[in-house]
Amino acid sequence: MAAPTPVDSYPTPTSKSQSETEEILLAHLPTAHDPPTPQLQKNSHLQFVARNLIQGFPARYTSQDASQPWLLFWTLQALSMLQVVLDPNNKQRVIDTLLTFQHPEGGFGGGPGQMPHLLPTYAAICALAIVGKPGERGGWDAIDRSKLYNFFMSLKQPDGSFTVSRNGEVDVRGIYCLLCVATLLNIITPELVEGTPEFLASCQTYEGGFASASFPYFVPDPSNPSSDPKLLSSPRPPLGEAHGGYTFCAVASWVLLKPFIERSPSKTSINTRLLTRWLVQMQGMSIELGGFKGRTNKLVDGCYAWWIGGCFALLKELGEERATDDEDEHEAGANADEDDTDGWVDDEEIEIDDVWNPIALQEYILYAGQHPAGGLRDKPPKGADAYHTLYCLAGLSAAQHRMNPDRTRRRVLEALWNENSKEGESENWWAKDVYTRFMSWSEAARKKRTLIGGEGNRINATHPIFNLTATHTESIMAHFYRQPTPP
Ligand code: FPP
Ligand code: ZN
């Protein structure tokens, strides 16, 4: 029987809104009369997203004028997970629209003529991964990778972080967006990411999750305010509190940086155990079903199904590689007893699905996250919107599927890479490593079955790092890794 969160005799705005939320959610909990198999209303969600794309977004979205690539990405990726492919005319419309967001000096803005920014750049490139194809008209070869790389480098700060735009703020969302794009388009280089792992590590808070940034990298000397600002010494305190959105960005960024971290002499690390503990504590219990909140003492919200639920698929990729080249050594469990407090000491024994509850997460999405008129939402009685529709579906997908790096597949990719690289051609070690590593993620069997509500509820798997299907990830990477890097 679901019980409310206990309260003491000091009601606060926080405890009141928690109780109000629980009261509303209680009305959405399954009763003895409900069918035992909650259904995903695929058709009505499909109509909700398709209507926005075909007829245009309703007027209330005008406030998102600077997020036009995001509106497209949320819509297209929701369609991909719902197993829908756009017809060629609509694909071309989307490609042509996305290309109007590209800035003459590199990168994408939130709309035509808007300044380039890391966040819309991620959304535009992911949207192009879904609808685009090789060639100028297909969009992919109209991306100016050379200018994009220069744009990225122009945002780089001395501490390894990046501002989100020229003179903009620094935060880990921007770093995640930059690293995804640089990885997908084969413009990632050691020079681009130098110092970035150290910056990310400095954003982990005492709770275990990640804050948006760490304390500003420059401080003026208080005794001499006119002097040049100084770089704060390391370690610097995180700026703000641990939050699901930033935590996903930091964790996925860490995984994207692994090829560089593994070869770096600096022993920067993040605390995976503390992170896991925090992630687990964000999952609801009882009346909140298995929905996630984004931060301590805040309310459950469907979008954290992805921002936090999505982190579990990445946890095993955070620690040290045990044996990079020698598979036999790995299989024999070499180093399994090593005392390594930052990586998994005993990750062979830990089954990630035992520390969180993917079934309960699906229950939250299916019972509370679906709007009766189509689309998905934060929580009842709120309306559905494009953002929550995508991230509720992505979280549902993460709960239904398990995607892991597949060693055998990686070896095949490496062999193909070696076969195709021309004799005497100069080659950067990182291109092969990045390509084979992130292309090798594929669906793996789970020890326990997690799908609830029957096969009709199943949606497509999404890549735990990029939030694109494996097919879209593979197509765009295969295209750009045939071309030299950096451009
Ligand atoms: C708090 O909102 C929200 C934030 C502090 C930022 C959230 C960041 C993300 C969702 C990540 C975005 C990722 C990319 C790649 C752009 P709130 O106070 O309304 O919500 P809360 O009460 O749930 O914290
Ligand atoms: Zn939300």
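Preceding this section is the structure that the text describes.
Residues numbered from 1 in each chain as written. Chains lettered and ligands numbered in written order. Predicted model: local features only at pLDDT ≥ 70, side-chain atom pairs only at ≥ 80, totals over all residues. Heavy atoms only, no water.

(A) Summary view of the overall build of the protein chain. The number of helices and strands found in the protein chain is 18 helices and six strands. By the burial criterion, 54% of the 487 residues in the protein chain qualify as buried. When contacts within the protein chain are restricted to residue pairs at least 6 apart in sequence, those whose partners lie at least 24 apart make up 75%. In the form shown here, the protein chain has an accessible surface area of approximately 21800 Å², with 53% of it arising from carbon and sulfur atoms. (Helix = DSSP H or I, 4+ residues; strand = E, 2+ residues; numbered from the N terminus. Buried < 20%, exposed > 50% of the residue type's maximum accessible area, 1.4 Å probe, protein only. Contact = heavy atoms within 4.5 Å. Areas by Shrake-Rupley, 256 points an atom, 1.4 Å probe, with all protein chains shown as cover.)

(B) Structural detail: the coordination of the zinc ion (ligand 2). Around the zinc ion (ligand 2), the protein contributes the donor atoms Asp-301 (OD), Asp-301 (OD), Cys-303 (SG) and His-388 (NE2), at 2.1 to 2.5 Å from the metal centre. Classification of the site at the zinc ion (ligand 2) as irregular follows from its four donor atoms and the range of 56 to 122° in their angles at the metal. Counting gaps between the donor residues of the zinc ion (ligand 2) yields the pattern D-x1-C-x84-H. Of this pair, Cys-303 sits in the loop between helix H11 (272-281) and helix H12 (304-307) while His-388 sits in helix H15 (residues 386-400); the two residues are 85 residues apart in sequence, bridging distant segments of the chain. His-388 sits in the buried class, given a relative accessible area of 11%. (Donors = N, O, S within 2.8 Å, 3.2 Å for Na, K, Ca; no water. Tetrahedral: all angles 85-135°; square planar, octahedral: opposite > 155°, others 65-115°.)

(C) View of the packing of aromatic side chains. Per the counting criterion, the structure on display carries 21 aromatic pairs. Look at Phe-248 and Trp-307: their rings are 5.6 Å apart centre to centre, the planes differ by 65°, and that puts the pair in the edge-to-face class. In this pair, Phe-248 sits in helix H10 (residues 244-261) while Trp-307 sits in helix H12, placing the two residues 59 residues apart along the sequence. For the pair shown, Phe-248 and Trp-307 are each scored as buried. Taken together through their ring pairs, the aromatic side chains of Trp-70, Phe-73, Trp-74, Tyr-122, Tyr-176, Phe-248, Trp-306, Trp-307, Tyr-387 and Tyr-391 make up a single cluster. (Phe/Tyr/Trp six-rings, centres within 6.5 Å; stacked < 30°, edge-to-face > 60°.)

(D) Main features of H11. Among the residues of H11, those classed as buried are Thr-272, Leu-275, Thr-276, Trp-278 and Leu-279. Projected down its long axis, H11 shows its buried positions confined to an angular sector of 165°, all on one face. Residues of H11 that are buried make contact with H10. (Arc of directions from axis to C-beta.)

(E) Geometry of the nonpolar core. Judged by nonpolar contacts, the single largest core of 138 residues is most densely connected at Phe-73 and Phe-152. The greatest single-element share of this core, amounting to twelve residues, is contributed by helix H5 (residues 118-131). When near neighbours in sequence (up to four residues on either side) are disregarded, Phe-152 contacts Leu-118, Thr-121, Phe-162, Leu-178, Val-181, Ala-182, Ile-187 and Leu-192. (Core = buried A, V, L, I, M, F, W, Y, C linked by side-chain atoms within 4.5 Å.)

(F) Highlighting the site of ligand 1. Around ligand 1, the structure places 14 residues, and the nearest of them are His-243, Arg-295, Lys-298, Tyr-304 and Trp-307. Between ligand 1 and the protein, one listed contact pairs an oxygen atom with a side-chain N or O atom of Tyr-304 at 2.7 Å. Contact with the protein chains covers 70% of the free accessible surface of ligand 1, which is 630 Å². Only helix H7 (172-184), H10 and H12 provide two or more residues apiece to the shell around ligand 1. (Near = heavy atom within 4 Å. Polar contact = N/O pair within 3.5 Å; in protein donor to acceptor, adjacent residues only side chain to side chain.)

(G) Expanded view of the pattern of salt bridges. Using the criterion set out here, one finds 22 salt bridges in the structure. When the shortest N-O distance is used, the salt bridge between Asp-433 and Arg-263 registers 2.7 Å. Separated by 170 residues along the polypeptide, Asp-433 in helix H17 (residues 429-439) and Arg-263 in the loop between H10 and H11 bring together distant segments of the chain. Given the relative accessible area of 47%, Arg-263 is considered partly exposed. For Arg-409, the salt bridge identified is with Glu-474, shortest N-O distance 3.0 Å. (Salt bridge = Lys/Arg side-chain N within 4 Å of Asp/Glu carboxyl O.)

(H) Fine view of unusual backbone geometry. Of note, the amide linkage connecting Pro-380 to Pro-381 takes the cis form, showing an omega dihedral of 5°. Relative to the assigned elements, Pro-381 resides in the loop between helix H14 (358-369) and H15. For Asn-467, which is not glycine, the phi torsion reads 60° and is therefore positive. Turning to its location among the elements, Asn-467 is positioned in the loop between strand S6 (441-443) and helix H18 (470-480). In this structure Asn-467 comes out as buried when scored by relative accessible area, which is 1%.

(I) Molecular detail of the packing of H10 against H11. Close contact between H10 and H11 brings their axes to 12 Å; oriented N to C, the two are set at 145°. Note that H10 runs across H11; the crossing there is left-handed. For the pair H10 and H11, the contacting residues are Gly-244, Thr-247 and Val-251 in the first and Leu-275, Trp-278 and Leu-279 in the second. Looking at side-chain class alone, the contact of H10 with H11 contains four nonpolar, two polar and no charged residues. (Axes fitted to C-alpha atoms, helices over the stretch in contact; angles between N-to-C directions. Left-handed = near helix turned anticlockwise from the far one by under 90°. Nonpolar A, V, L, I, M, F, W, Y, C, P; charged D, E, K, R; others polar.)

(J) Main features of the packing of helix H4 (residues 88-99) against H5. Interhelical geometry of H4 versus H5 gives an angle of 155° and a closest axis separation of 10 Å. When the axis of H4 is compared with that of H5, the two are roughly antiparallel. Pair H4 / H5 crosses with left-handed handedness. When H4 is examined against H5, the residues Lys-91, Val-94, Ile-95, Leu-98 and Leu-99 are found in contact with a partner set consisting of Ala-124, Ala-127, Leu-128 and Val-131. (Parallel < 35°, antiparallel > 145°, perpendicular 65-115°, else oblique.)

(K) Broad picture of H7. An ideal rise of 1.5 Å per residue puts 18 Å on 13 residues; H7 measures up with 18 Å between its terminal C-alpha atoms. Burial analysis of H7 places twelve of its 13 residues in the buried class, which makes it a mostly covered element. If you check which residues of H7 are buried, you get Val-172, Gly-174, Ile-175, Tyr-176, Cys-177, Leu-178, Leu-179, Cys-180, Val-181, Ala-182, Thr-183 and Leu-184. Looking one or two residues beyond H7, the residue adopting positive phi is Asn-186, at roughly 60°. (Expected span 1.5 Å × (residues − 1).)

(L) Highlighting the side chain of Ser-214. With respect to the secondary-structure elements, Ser-214 resides in strand S1 (residues 213-214). Assessed through its relative accessible area of 3%, Ser-214 is described here as buried. In terms of polar contacts, Ser-214 uses its side chain to reach the side chain of Ser-202, at 2.8 Å. In terms of polar contacts, Ser-214 uses its side chain to reach the side chain of Arg-236, at 2.6 Å. Apart from residues lying up to four places away in sequence, Ser-214 is in contact with Phe-199, Ser-202, Cys-203, Arg-236, Pro-237, Pro-238 and Leu-239.

Fair warning: the whole summary comes from geometry, so function is off the table for now.
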